[in-house]
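Spelled out, the chains give:
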Amino acid sequence: MYHVGSKDEVKGRTGFAHFFEHLLFEGTPNIKRGEWMKIVASNGGQNNANTTSDRTYYYETFPSNNEQLGLWMEAERMRHAVINQIGVDTQREVVKEEKRMRMDNQPYGNLLTAILNNLFTNHPYHWPTIGSMEDLNAAKLDEFLDFYKKYYVPNNATLVVAGDLKPEQTKKWIEEYYGSIPKGEVFPKNFTKDAPISQEKEVTVTDPNIQLPAYIFAYRTPSNKEKDAYALQMLSTYLSNGKSSVLYKKLVDQDKKALAVQAFNMGMEDAGVFAFFTIPMGATTKATLQSDIDAEIKKLQTELISQEDYQKLQNQFENQFVNSNSSIQGIASSLATYNVLMGNTNLINKEIDIYRSITKEDLKNAANKYLNNNQRIIINYIPEKK
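Residues numbered from 1 in each chain as written. Predicted model: local features only at pLDDT ≥ 70, side-chain atom pairs only at ≥ 80, totals over all residues. Heavy atoms only, no water.

Caption draft 1: Just the pairing of strand β7 (residues 376-383), in detail. Counting buried residues along β7, six of its eight residues qualify, which places the element largely inside the surrounding structure. Relative to β7, strand β4 (residues 214-221) is paired through six bridges, and the arrangement is antiparallel. Residue pairing for β7: Ile-216 is matched across the bridge by Ile-379. (Buried < 20%, exposed > 50% of the residue type's maximum accessible area, 1.4 Å probe, protein only. Helix = DSSP H or I, 4+ residues; strand = E, 2+ residues; numbered from the N terminus. Pairing = 2+ DSSP bridges.)

Put into structure tokens, the structure is as follows:
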């Protein structure tokens, strides 16, 4: 896992971190172009990569007798990935097609972009991970080479090896393959912060791919390192996770006012997003949905949730924690994430204790601290007029 994501990009050159997730499978001096996936598959392995605003994660899963191969391949990627014009041109078209398929031609596909654009105006969370078509088209080979030299260095990376392995042998291979890769300069992450939102703001965004409007009520929240971020995660689950959740039961199931409703919490390294999303049913107005959502927020701010609901939440998070670390891949991903983004690998053992320590009062306090009308952006996400 490399500590580089879309927030490390500069305005006018967005999408680089995600672009590398594709580009760094092009090959190395010792792995011919187009051979990476074949080598992995022919040795019984699987591999992939993904990018967020905060990090880029590459992984291989091999039978334990091919551990050495996996370590060598990742060292190759770090030491001397081949970045040339043919690779950039090929992957540029792949990424542009991905953007068209997942976002630009997808109903509600640019909804998260609308939230980020409006919640963050100065901080680089302002743009989506995939970047913009204009920036992707304008990017030059030299800029990709510079990005690689800047961020793909050993002291900006965390290597996790998990599974049926012999630790001493693993350490020897790591020393052999990675020991001579020179360190780089790790740049401080001093990003411009946004002033707190103190006045409700309303914006309209159009989407040519939808027939029904959606309404979003979005709040900027603290870094996922803060205890409050855990409380907000629990609140979003309480409000809309599953058919027995508060908002789903009320707006979709009982009152038939909404086709969909969701409260989601997106924790990131520097700040977070808490947002309500709803699509009206039939003639239901935005004002009605807004009033009902506000009523549930007010309830959270003035009353404690029931002991039964609180215990259900604790059970859900314990189940989620156990499931996320029930496979070798899950353990490796958790260890990398906790180390890179949270600065504490031992959270793999202790994070569940943070959730257990959150009280009903903590949930009420978080709702009062972060979910006030004057702290939100309302986004009217409506069909584009033909």
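Caption draft 2: Local environment of the pattern of salt bridges. As enumerated under the stated definition, the model contains 24 salt bridges in all. With its nearest N and O atoms 3.3 Å apart, the salt bridge here joins Lys-96 to Glu-93. You can see Lys-96 and its partner Glu-93 sitting in helix α4 (residues 85-104), three residues apart, about one turn around the helix. On the basis of relative accessibility, which here comes to 41%, the residue Glu-93 falls in the partly exposed class. Glu-97 is the partner of Arg-100 in a salt bridge, and the nearest nitrogen-oxygen pair spans 3.2 Å. Of the two residues, Arg-100 and Glu-97 are both situated in helix α4; the distance of three residues between them amounts to about one turn of the helix. Given a relative accessible area of 42%, Glu-97 falls into the partly exposed group. Salt bridges linked by common partners bring Lys-250, Asp-255, Lys-257 and Asp-292 together as one network. (Salt bridge = Lys/Arg side-chain N within 4 Å of Asp/Glu carboxyl O.)

Caption draft 3: Looking closely at the packing of aromatic side chains. Scanning all chains against the criterion turns up 22 aromatic pairs. Where Phe-16 meets Phe-144, the ring centres are 4.5 Å apart and the plane angle is 15°; that geometry is what we call stacked. Separated by 128 residues along the polypeptide, Phe-16 in helix α1 (residues 16-23) and Phe-144 in helix α7 (residues 141-151) bring together distant segments of the chain. A single burial state applies to Phe-16 and to Phe-144, both of which are buried. Their ring planes at 75° and their centres at 5.4 Å tell us that Phe-120 and Tyr-125 sit as a pair that is edge-to-face. Here the aromatic residues Tyr-2, Phe-16, Phe-19, Phe-20, Phe-25, Trp-36, Tyr-58, Phe-144, Phe-147, Tyr-148, Tyr-151 and Tyr-152 are joined through ring pairs into a cluster of three or more. The residue whose ring lies beneath Arg-77 is Phe-25, and the NZ or CZ to ring-centre distance is 4.5 Å. A cation over a ring is seen here: Lys-150 above Phe-187, with NZ or CZ 4.6 Å from the ring centre. (Phe/Tyr/Trp six-rings, centres within 6.5 Å; stacked < 30°, edge-to-face > 60°. Lys NZ or Arg CZ within 6 Å of the ring centre and 35° of its normal.)

Caption draft 4: Local environment of the pairing of strand β2 (residues 56-61). By the bridge criterion, six bridges tie strand β1 (residues 46-51) to β2 in an arrangement that is antiparallel. The residue of β2 that forms the bridge with Gln-46 is Thr-61. Between β1 and β2, which pair antiparallel and follow one another directly, the connecting turn spans four residues.

Caption draft 5: Region of the structure containing the environment of Ile-83. Take Ile-83: it is sitting in the loop between α3 (67-80) and α4. Taking the relative accessible area as the measure of exposure, Ile-83 reaches 10% and is therefore buried. Residues Ile-83 and Asp-142, spaced 59 residues apart in sequence, show a C-alpha to C-alpha distance of 9.4 Å. Ignoring any residue separated from it by four or fewer positions in sequence, one finds Ile-83 in contact with Phe-20, Leu-23, Leu-24, Val-88, Leu-141, Phe-144, Leu-145 and Tyr-148. (Contact = heavy atoms within 4.5 Å.)

Caption draft 6: Geometry of the environment of Leu-111. By the secondary structure assignment, Leu-111 is in helix α5 (residues 111-119). With relative accessibility at 10%, the residue Leu-111 sits in the buried group. Taking C-alpha positions, Leu-111 is 38 Å from Ile-39, a pair spaced 72 residues apart along the chain. With near-sequence residues (within four places) excluded, Leu-111 lies in contact with Ala-214, Ile-216, Phe-277 and Tyr-381.

Caption draft 7: The packing of α1 against α7, seen in detail. α7 packs onto α1 with a crossing angle of 90° between their chain directions and a minimal axis gap of 11 Å. In terms of their interaxial angle, α1 and α7 are classed as roughly perpendicular. Taken together, the residues of α7 that come into contact with α1 (itself represented by Phe-16, Ala-17, Phe-19, Phe-20 and Leu-23) are Glu-143, Phe-144, Phe-147 and Tyr-148. Broken down by class, the residue content of the contact of α1 with α7 amounts to eight nonpolar, no polar and one charged. (Axes fitted to C-alpha atoms, helices over the stretch in contact; angles between N-to-C directions. Parallel < 35°, antiparallel > 145°, perpendicular 65-115°, else oblique. Nonpolar A, V, L, I, M, F, W, Y, C, P; charged D, E, K, R; others polar.)

Any functional reading would require information that these geometric values do not contain.
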